[in-house]
Amino acid sequence: MTTLDRAIPAADRSGVFITLEGPDGAGKSTLAKIVADRLRTEGFEVATVRDPGGTPLGDRIRSLLLDRSDLCISLRAEMFLYMASRAQLVDEAIAPALAAGKIVICDRFLLSNVVYQGYAGGLEVAEIWRIGRTATRGLTPDLTCVIDVPREIARRRVSGPRDRIEDRDEEYKERVRGGFLAAARGEAGFPGEHTGTIRLIDGSADLDTVSDRLMCEVRDVLAKRARS
Ligand code: TMP
């Protein structure tokens, strides 16, 4: 272990770390807000963040990555920019919130990097996990909910101007969906550290149904934590 990837000590992780993942148009951001509001109403302290972004540096990297411009960004550089935003997010927002005992709800995390730049983009998946471990100081979610929607529904939901990633072709987006499904099913390339912590949620139902399902998963994790 080096100064670069020194793990966050267990004692500094009294909070609960929940990530929402899935293709564009799955409804994650709306769901993150609903779940956070419901948990706050129940008296929990909740921090919501998004990846990329969530810090002043991360927001600037997010603009670089998503704004449509003629700036040339290679796939490798793209992968590292997402990692840089995430490293800052862990150091500046997630780790302190977990140390303070909060529930952190993060809209995307390392799995998106593995799926978008690795599984769909073509960079080696195992290498992205490895780099990701350094970038996140080994922080893995207590629960990852993958919200899945068929492409037709996702297409309808992503209306208005598309960002640089949303602008990619249909085959890329199919591979992104396939990557998240493979991860949720624990298929090859998705390592053991996620086993047992990923849940697949059908995001095509109405918002109340999907958010109820999500809340069930969150309650399960909170109950397990309370027992341990
Ligand atoms: P968002 O609009 O869901 O916040 O996500 C921003 C876009 O960035 C979305 O198209 C997914 C993409 N993305 C990656 O390609 N790699 C990553 O590591 C992350 C976190 C997001």
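Note on numbering: residues in each chain are counted from 1, in written sequence order. Reporting in this predicted model follows two pLDDT cut-offs: at least 70 for local features of residues, and 80 or more for side-chain atom pairs to be given and counted; totals over whole chains, interfaces and linings ignore these cut-offs and use all residues. Processing note: side-chain calculations cover all non-hydrogen atoms of the structure and skip hydrogens and water entirely.

### Regarding the sheet that holds strand β1 (residues 16–21)
Here's step 1: Strands were regarded as paired on the criterion that DSSP finds at least two bridges between them. For helices the rule is a DSSP run of H or I covering at least 4 residues; for strands it is a run of E covering at least 2, with both sets numbered from the N terminus onward. Here we have 5 strands laid out as an open sheet, ordered β2-β3-β1-β4-β5, and parallel in their pairing. Bordering the open sheet on either side are β2 (46–50) and β5 (198–202), each of which pairs with just one other strand. Shown here is a sheet whose adjacent strand axes are inclined to one another by a mean of 20°, direction ignored.
Here's step 2: In the sheet, β2 pairs with strand β3 (residues 103–107) via 5 bridges, with the strands oriented parallel. Considered in β3, the bridge of T48 is made with I105. Where helices are involved, their axes are fitted lines through C-alpha atoms of the stretch in contact, as for all axes, and angles between N-to-C directions lie from 0 to 180°.

### Focus: the packing of aromatic side chains
Here's step 1: Pairing of aromatic rings covers Phe, Tyr and Trp, the last through its six-membered ring, and needs centres within 6.5 Å; plane angles under 30 degrees mean stacked, over 60 mean edge-to-face, and all others mean tilted. Counted under the stated rule, the structure contains 3 aromatic pairs.
Here's step 2: A centroid spacing of 6.4 Å and a plane angle of 50° characterise the contact between Y116 and Y172, whose relative ring orientation is tilted. A residue pair is termed long-range when its members are at least 10 positions apart, and Y116 in helix α4 (residues 110–119) and Y172 in helix α7 (residues 170–184) qualify at 56 residues. Like Y172, Y116 is buried. Accessibility here uses a 1.4 Å probe with only protein chains present; expressed as a share of the type maximum, an area under 20% marks a residue as buried, one over 50% as exposed, and anything in between as partly exposed.

### Looking at helix α5 (residues 125–135)
An α-helix turns once per 3.6 residues; consequently, residues spaced three or four apart project the same way.
Here's step 1: Regarding α5, the residues found buried are V125, I128, W129, I131, G132 and A135.
Here's step 2: Phi turns positive one or two residues past the end of α5, at R137, with a value near 55°.

### Concerning the pattern of salt bridges
Here's step 1: A carboxyl oxygen of Asp or Glu within 4 Å of a side-chain nitrogen of Lys or Arg is what we treat as a salt bridge. A full pass over the atoms with the stated rule returns 19 salt bridges.
Here's step 2: E127 is paired through a salt bridge with R130; the nearest N and O atoms lie 2.9 Å apart. Residue E127 and its partner R130 are located together in helix α5, separated by 3 residues, close to a single helical turn.
Here's step 3: Of the residues examined, E127 reaches a relative accessible area of 33% and is grouped as partly exposed.
Here's step 4: For R130, a relative accessible area of 45% translates into the label partly exposed.
Here's step 5: Each of R13, D142 and R225 takes part in salt bridges that share partners, so that together they form one network.

### A closer look at the site of the ligand
Here's step 1: Taken together, 14 residues are adjacent to the ligand, and D24, Y82, R86, R108 and Q117 come closest.
Here's step 2: Two N or O atoms count as a polar contact when they lie within 3.5 Å, although within protein this holds only if one can serve as hydrogen donor and the other as acceptor, and sequence-adjacent residues are included solely when both atoms are side-chain atoms. Within the side chain of R86, an N or O atom sits 2.9 Å from an oxygen atom of the ligand.
Here's step 3: One of the side-chain nitrogen or oxygen atoms of R108 is found 2.8 Å away from an oxygen atom of the ligand.
Here's step 4: Per-residue and other accessible areas were derived by the Shrake-Rupley procedure at a 1.4 Å probe size, with only the shown protein chains allowed to occlude residues. Look at the ligand: alone it shows 480 Å² of surface, and the protein chains cover 94% of it.
Here's step 5: Asp, Glu, Lys and Arg are counted as charged, while Ala, Val, Leu, Ile, Met, Phe, Trp, Tyr, Cys and Pro are counted as nonpolar; the rest, among them Gly, fall into the polar class. For the shell around the ligand, the class distribution of residues is 5 nonpolar, 3 polar and 6 charged. By convention in these notes, a residue is near a molecule or strand provided one of its non-hydrogen atoms lies within 4 Å of it.

### Focus on unusual backbone geometry
Here's step 1: Geometrically, the link from D51 to P52 is a cis peptide bond, its omega value of 5° lying close to zero.
Here's step 2: Checked against the element boundaries, P52 lands in the loop between β2 and α2 (56–66).
Here's step 3: Phi is positive for R108, close to 75°, though the residue is something other than glycine.
Here's step 4: Here R108 is to be found in the loop between β3 and α4.
Here's step 5: Residue classification places R108 among the buried positions, given a relative accessible area of 11%.
Here's step 6: Residue R137 is not a glycine yet carries a positive backbone phi of 55°.
Here's step 7: Tracing the backbone through its elements, the reader meets R137 in the loop between α5 and β4 (143–148).

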